[in-house]
Amino acid sequence: MKNIKVYVLSFLVIAFVSLFFAGCNNDGSGGSQTSAMTVRLSDAPGDYKEVNLDVRDIMIKNNADLDDQGWISIGNLPTEGKIYNLLTLTGGVSALLADKMVPSGYLGQIRLLLGDKNTVVLKDGTSYPLNTPSAQQSGLKLKVNQTLMAGATYDFLLDLDVAHSIVVQAGTSGNYNLHPVVKVSTTATSGVIKGTITNIAVAKQVVASVVVGTEIVSAYANAQGIFQLNGIPAGTYIVTLTPDPTSGLLVKTIPEVIVVNGAVKNMGSISW
C-alpha cells in the first residue's frame, strides 16, 4: 500500500510539472492562437438632447447560429453596466466597450447586451424611458463574419444610427422604443512577422526583436527555429536576431521588413 501511494504521488508530481512547463512555453511561434480585439461604440447624430444607453456586456460567438449557445463575454464593463450618452459619441469620438485577447479563427457574431435604464431626452428636456425589449432579453446580435488571424489586432466599431433607431409607438401611449440600426466595421490594426532559423542547433537560443515606437517587441525561436512577433503595426522594420552568446555567432539584423495590417510577413528561412 505504501508503494502504491508513492507511485501515485510521483505520477501527480510529474503531471503537474509537465503541465506547468507546457503552460509556460512561449516560443513566439503563434501556438497560443489568440488575437487582440477591441470593440468601440459610436453614433450618428439624432434630433434629441440625450440618448442614454445602458450597456451591460459585449459578447462574441465563433459561429453564425442564432441560438444562445457558445457566447463568450469580453466586455470591459462594471458588473452593473455603464450608461453612455450616444450623442456624445459623434464626430469621431467613440467609447471603448471591450479590449481583450480572444481565440483566433472565425468570428460569427458580436452581441450587445443592454439593461433597463435606457432613456431618451427630448430637445425640451423631457425624459422618457427608452424601451429595448429585444435587446434586453437576448442582446442585440450583430453579424460579423470575420476571420481573426493569430497574433493580429482587430478594432470593431459599432456605429449606431440614433436618427433611424428610435420610434414612437402609434396611438396615445407616447412610448419611445429603440430598434437599433447598427453598422459594424472592422479594421485590422496590426500584423505579424515570422521566420525560421535553419541552423537553430548552432545558434542555440535565438531572440527575434523589432522596435515599435518606444517599445521592443521580442520572442524566442522554438526548438524548430520558428519565431513569431505578434501585434506589429503596419510599417517597415529592422528585425534583430540575437543568438545565444555561447554560440559564437554575431547579432544579425535584417532591414526593410514590411508589415501590412491583418497579414503575416513570413521572412522565410534565415541562417548565419
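Residues numbered from 1 in each chain as written. Predicted model: local features only at pLDDT ≥ 70, side-chain atom pairs only at ≥ 80, totals over all residues. Heavy atoms only, no water.

### Quick look at unusual backbone geometry
Here's step 1: Unusually for a residue other than glycine, Asn-145 sits at a positive phi of about 55°.
Here's step 2: With respect to the secondary-structure elements, Asn-145 resides in strand β9 (residues 140-148).
Here's step 3: Located in the positive-phi region is Lys-204, a residue other than glycine, with phi close to 65°.
Here's step 4: Locating Lys-204 in the fold gives a position in the loop between α3 (200-203) and β15 (207-212). (Helix = DSSP H or I, 4+ residues; strand = E, 2+ residues; numbered from the N terminus.)

### Some points on the sheet that holds strand β1 (residues 34-44)
Here's step 1: Pairing is mixed across the open sheet formed by four strands, whose spatial order is β5-β1-β10-β13. Only two strands of the sheet have a single partner each, and these edge strands are β5 (95-103) and β13 (182-188). On average, each strand axis in the sheet is tilted by 20° relative to the strand beside it, whichever way the strands run.
Here's step 2: In terms of strand pairing, strand β10 (residues 153-161) meets β13 through seven bridges, oriented antiparallel. Bridge pairing in β13 links Tyr-154 to Ala-188. (Pairing = 2+ DSSP bridges. Axes fitted to C-alpha atoms, helices over the stretch in contact; angles between N-to-C directions.)

### Overview of the pairing of strand β18 (residues 235-242)
Here's step 1: Bridge count between β15 and β18: three bridges; the pairing is antiparallel. In the sheet register, Ala-208 faces β18, and the bridge partner there is Leu-241.
Here's step 2: Both β18 and strand β19 (residues 252-259) contribute to a ladder of six bridges, which runs antiparallel. By the bridge assignment, Tyr-237 is partnered in β19 with Val-257.

### So, the pattern of salt bridges
Here's step 1: Taken as a whole, this structure holds four salt bridges when the rule is applied.
Here's step 2: In this structure, Asp-47 and Lys-123 form a salt bridge, with 3.9 Å as the shortest nitrogen-oxygen distance. With Asp-47 in the loop between β1 and β2 (50-61) and Lys-123 in the loop between β7 (119-121) and β8 (127-131), this residue pair connects regions lying 76 residues apart in the sequence.
Here's step 3: The class for Asp-47 is exposed, based on a relative accessible area of 60%.
Here's step 4: Put simply, Asp-116 and Arg-56 hold a salt bridge, and the shortest N to O gap is 3.6 Å. Taken as a pair, Asp-116 in the loop between β6 (105-114) and β7 and Arg-56 in strand β2 lie far apart in primary sequence, 60 residues in all. (Salt bridge = Lys/Arg side-chain N within 4 Å of Asp/Glu carboxyl O. Buried < 20%, exposed > 50% of the residue type's maximum accessible area, 1.4 Å probe, protein only.)

### Re the sheet that holds strand β17 (residues 226-232)
Here's step 1: Spatial strand order, β17-β14-β20: three strands in an open sheet with mixed pairing. In the strand order of this sheet, the two ends are held by β17 and β20 (264-270), each with one partner. Going from strand to strand, the sheet's axes swing by 10° on average, the running direction of each strand aside.
Here's step 2: Across five bridges, strand β14 (residues 191-197) lies against β20 in parallel orientation. Note that in β20 the partner of Val-192 across the bridge is Val-264.

### Points about the nonpolar core
Here's step 1: In terms of nonpolar packing, the biggest core is built from 41 residues, with Met-37, Val-39, Val-51, Ile-58, Phe-156 and Ile-166 touching the most fellow members.
Here's step 2: Contributing elements (two or more residues each) for this core: β1, β2, β5, β6, β9, β10 and β12 (176-178).
Here's step 3: At five residues, β2 tops the list of elements feeding residues into this core.
Here's step 4: If we skip the residues at most four places from it in the chain, Phe-156 touches Met-37, Thr-38, Val-39, Arg-40, Leu-107, Ile-110, Val-144, Gln-146, Leu-148, Val-184, Ser-185 and Thr-186.
Here's step 5: With 21 residues, the next largest nonpolar core counts Ala-203, Val-206, Ala-208 and Ile-232 among its residues. (Core = buried A, V, L, I, M, F, W, Y, C linked by side-chain atoms within 4.5 Å. Contact = heavy atoms within 4.5 Å.)

### A word on the environment of Ala-150
Here's step 1: Along the chain, Ala-150 falls in the loop between β9 and β10.
Here's step 2: Distance from Ala-150 to Gly-262, taken between C-alpha atoms, is 9.5 Å for residues 112 residues apart in sequence.
Here's step 3: Other than its neighbours up to four places away in sequence, Ala-150 contacts Gln-33, Thr-34, Ser-35, Ser-104, Val-192, Gln-228 and Asn-230.

### Comments concerning the side chain of Gln-228
Here's step 1: With respect to the helices, strands and loops of the structure, Gln-228 is situated in strand β17.
Here's step 2: Looking at Gln-228, its side chain comes within polar contact range of the side chain of Asn-230, at 2.8 Å. (Polar contact = N/O pair within 3.5 Å; in protein donor to acceptor, adjacent residues only side chain to side chain.)

### Some words on the environment of Leu-140
Here's step 1: Mapped onto the elements, Leu-140 comes out in strand β9.
Here's step 2: For the pair Leu-140 and Leu-112, spaced 28 residues apart in sequence, the C-alpha to C-alpha distance is 5.0 Å.

### Re the packing of aromatic side chains
Here's step 1: All told, the structure shown has one aromatic pair when counted by the stated rule.
Here's step 2: An angle of 35° between the planes, with centres 5.1 Å apart, marks the rings of Tyr-128 and Tyr-176 as tilted. Highlighted residues: Tyr-128 in strand β8 and Tyr-176 in strand β12, separated in sequence by 48 residues.
Here's step 3: Accessibility expressed as a relative area gives 30% for Tyr-128, which makes it partly exposed. (Phe/Tyr/Trp six-rings, centres within 6.5 Å; stacked < 30°, edge-to-face > 60°.)

None of this, on its own, says anything about what the molecule does.
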